[in-house]
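The residues making up each chain are set out below.
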Amino acid sequence: KDTAEDTRKDIRQGKFNIDAARAARIAIEKTEEERAAPTLKEFHDSTVLALWEGSLSRATYQSYEGSFRVHIIPELGDLALTSITRDQVKTFITTLRKKSVWKRLPKAKESSDSSDSAMEKRENQPRRLLSKETIRNIVAALRSALSEAVERNLIPANPAVRLGKFYKEAQDFHEEIDTFSAEEVSLLLQATRRHHG
């Protein structure tokens, strides 16, 4: 650490660099500001979840909460709100476009297997990339949380707006629908008649 006397000596000798001193002071102030700002995870847990629960439909709430838990918090959760940049969000979207998931097993197969054998079967199932719709929903959850941070004057602008062009080329995947067989329809109708007349 330089003392005041060292600084005076540098000024007398013409060695003092005022631009470097300003840059160092700005860096210290920015670090202190980031330390004071909540992380994305802290803001999500303390503020956003309660707002969503009170204002969103149940399905949207579950989608946003799952997006944060599974995708957003592991990647961006430890960052201070004030330090999240548009470039970081773009990089996050690039990561999502490369992320693969297991195809969903039909419910009958999932429920009839023990959890160990179901996991073994799942690991042998083909994987696929996240769909464009899934990425869109994840980004919507992030954008919603950061919009709330803007409204609370915690950040000056939302870095997660107007990013559709970064995932519009992602593939669309539609899960195959596991419909009832003729036998299952018959059983369902019989059970309905028995219980409801």
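Everything that follows concerns the structure shown earlier in this document.
As a starting point, this report considers the structure included with it. Here the structure is a predicted model, which is why all the values come from computation and not from measurement. (Residues numbered from 1 in each chain as written. Predicted model: local features only at pLDDT ≥ 70, side-chain atom pairs only at ≥ 80, totals over all residues. Heavy atoms only, no water.)

## Quick look at the overall build of the chain
Using the following cut-off: A run of H or I in DSSP counts as a helix once it spans at least four residues, and a run of E counts as a strand once it spans at least two, with each numbered from the N terminus. Note on exposure labels: buried denotes an accessible area under 20% of the residue type's maximum, exposed denotes more than 50%, and partly exposed covers the range between, all computed with a 1.4 Å probe on protein chains only. Only the protein chains shown count as cover for residues, and the accessible areas themselves come from Shrake-Rupley with a 1.4 Å probe.
Counting secondary structure elements, the chain contains 9 helices and 2 strands. Taking all 197 residues of the chain together, the buried fraction comes to 25%. Accessible area for the chain stands at about 14000 Å²; split by element, carbon and sulfur atoms hold 50% of it.

## Some details on the packing of helix α3 (residues 40–55) against helix α8 (residues 132–151)
Note the cut-off: Lines are fitted to the C-alpha atoms to define the axes, a helix being fitted only along its stretch in contact, and any angle between axes, read from their N-to-C directions, falls within 0 to 180 degrees. For classification, angles of less than 35 degrees are called roughly parallel, those exceeding 145 degrees roughly antiparallel, those between 65 and 115 degrees roughly perpendicular, and all remaining angles oblique. In what follows, residue pairs with any heavy atoms lying within 4.5 Å of each other are defined as contacts. Side-chain classes follow a simple rule in which Ala, Val, Leu, Ile, Met, Phe, Trp, Tyr, Cys and Pro form the nonpolar group, Asp, Glu, Lys and Arg form the charged group, and the remainder, Gly included, forms the polar group.
The geometry of α3 relative to α8 is characterised by a closest axis approach of 10 Å and an angle of 95° between their N-to-C directions. The angle between α3 and α8 places the two elements in the roughly perpendicular class. For the pair formed by α3 and α8, the contact residues are Leu 40, Phe 43, Val 48, Leu 51 and Trp 52 on the first element and Ala 141, Leu 142, Ser 144, Ala 145, Leu 146, Glu 148 and Ala 149 on the second. Split by residue class, the contact of α3 with α8 holds 10 nonpolar, 1 polar and 1 charged.

## Details of the nonpolar core
Inclusion rule: As used here, the term nonpolar core means buried Ala, Val, Leu, Ile, Met, Phe, Trp, Tyr and Cys residues forming a set that is joined through side-chain atoms within 4.5 Å.
Judged by nonpolar contacts, the single largest core of 30 residues is most densely connected at Leu 40, Trp 52, Phe 68, Ile 72, Leu 142 and Leu 146. For this core, the elements supplying multiple residues, two or more each, are α3, α4 (58–76), α5 (86–98) and α8. In terms of residues, this core owes the most to one element, α8, which gives 9 residues. Excluding anything up to four places from it in sequence, Leu 142 contacts Leu 40, Phe 68, Ile 72, Leu 76, Val 89, Phe 92 and Ala 160.

## Overview of α5
Worth spelling out the cut-off: Multiply 1.5 Å by the residue count of a helix minus one, and that product is the helix's expected span.
Taking 1.5 Å of rise per residue, the 13 residues of α5 would be expected to cover 18 Å, and the 19 Å separating its terminal C-alpha atoms lies within 8% of that figure. On its buried face, α5 is in contact with α4 and α8.

Take it as geometry only, folks, not as evidence of what the structure does.
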